[in-house]
Amino acid sequence: MIARIQDGLLLAASMQESEQSGRNLQEYQNQAKQLFRKLNENSPPRCSLETGPMVFHILLAQGVCYLVLCEGSYSKRLAFSYLEELQAEFSELYGKRLASVSRPYAFIEFDTFIQKLKKNYQDSWSRRHLSSVNTELQDVQRIMVTNIEEVLQRGEALSALDSKASNLSALSKKYRQDAKYLNTRSLYAKIGLASAVCMIIFLYARFWWLV
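Just so we're clear, the structure is a prediction, and the values are computed from it rather than from any experiment.

Enquirer: Quick question: what am I supposed to make of the environment of Gln 6 here?
Expert: Following the sequence through the fold, Gln 6 ends up in the loop between strand E1 (2-4) and strand E2 (10-12). Residues Gln 6 and Val 64 lie 58 residues apart in sequence; the distance between their C-alpha atoms is 8.3 Å.

Okay, here's the thing in structure tokens:
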């Protein structure tokens, strides 16, 4: 699904049921629409939201949200590679018209490209190939992952979650710095102790020799 960030207006969509999503497809659609209403310019540019056995992967770029629903076991790297290809094509075709549209699904014809791209990423050979060539994609391990209930039920904005992720990253960095400092102090203490022992032995040997 593709939506405008400023007002959550749906611009294009393509729905396809899988074994895990088929029973709750309408529920997932409703969750996606609620997510669109919570987006703003301060929301994280990339994030993943877990919902049952499925995961929403979200990419924000140039005022537009690109969202894909995948099974939890599907490669996060491939999911975001797919969204980036989607974003590049959509921006090229409709970027200049985004601000002027007012009706939902104004670019519904984009579904043709979505279906074609989706087929490439579902094909087993293509998945292996794409997995090997998409090495320049931003490190997916750093993409924020949270549960969708934190966003929908608690009314927490995605920007707030991004702030939490940044705070955790800062704390993690401080922890590493503190650990490095303590390790350095410990090393210096060991060197000082060894030097003191050597000095004592030297003085003792010198004194014994003089006696």
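Enquirer: Which parts of the structure should I look at to understand the state of the cysteines?
Expert: Here a disulfide denotes a covalent bond joining the sulfur atom of one cysteine to the sulfur atom of another. For the structure shown, the criterion picks out 0 disulfides. Cys 65 supplies the cysteine sulfur nearest to Cys 47, a cysteine that is in no disulfide, at a spacing of 8.0 Å. The exposure class assigned to Cys 65 is buried, which follows from its relative accessible area of 1%.

Enquirer: How do you make sense of helix H3 (residues 111-122) when you look at a structure like this?
Expert: For the α-helix, the turn length of 3.6 residues means that residues three or four positions removed from each other point alike. Spanning 12 residues, H3 covers 16 Å between terminal C-alpha atoms, matching the ideal 16 Å at 1.5 Å per step. For H3, the complete set of buried residues consists of Ile 114, Leu 117, Lys 118 and Tyr 121. Looking straight down H3, one finds that the buried residues subtend no more than 105 degrees of arc, so they occupy a single side. Along H3, the residues that are exposed and aim more than 90 degrees away from the buried face are Thr 112, Lys 116 and Lys 119.

Enquirer: What's the story with the pattern of salt bridges in this structure? I'm lost.
Expert: A pair can form between side chains of opposite charge whenever their charged atoms are brought close. With the rule as written, the count across this model stands at 2 salt bridges. Of the charged contacts in the structure, one is a salt bridge between Arg 4 and Asp 7, with a shortest N-O distance of 2.7 Å. With relative accessibility at 40%, the residue Asp 7 sits in the partly exposed group. Measuring nitrogen to oxygen at the nearest pair gives 2.1 Å for the salt bridge that ties Glu 84 to Arg 46. On the criterion of sequence distance, the pair formed by Glu 84 in helix H2 (residues 76-94) and Arg 46 in strand E3 (residues 46-51) is long-range, its members being 38 residues apart. Residue class for Glu 84 comes out partly exposed when judged on its relative accessible area of 28%.

Rules and cut-offs
Throughout, residues of each chain are indexed from 1 in the direction in which the sequence is written. A pLDDT threshold of at least 70 governs which residues receive local features in this predicted model, and a stricter bar of 80 or more applies before side-chain atom pairs are shown or counted, although totals over entire chains, interfaces and linings include all residues. Hydrogen atoms and water are omitted, and side-chain values are computed over all heavy atoms in the structure. The numbering of helices and of strands both runs from the N terminus, where a helix is a DSSP run of H or I of at least 4 residues and a strand a run of E of at least 2. Our working definition of a disulfide is a cysteine sulfur pair at a distance within 2.5 Å. Working definition: with a 1.4 Å probe on protein chains only, accessible area under 20% of the residue-type maximum means buried, over 50% means exposed, and in between means partly exposed. To estimate how far a helix should extend, the number of its residues minus one is multiplied by 1.5 Å. This arc corresponds to the set of directions leading from the helix axis out to the C-beta atoms. Take a side-chain nitrogen of Lys or Arg and a carboxyl oxygen of Asp or Glu: if they are within 4 Å of each other, that pair is a salt bridge.

All we've got here are geometric facts, nothing functional implied.
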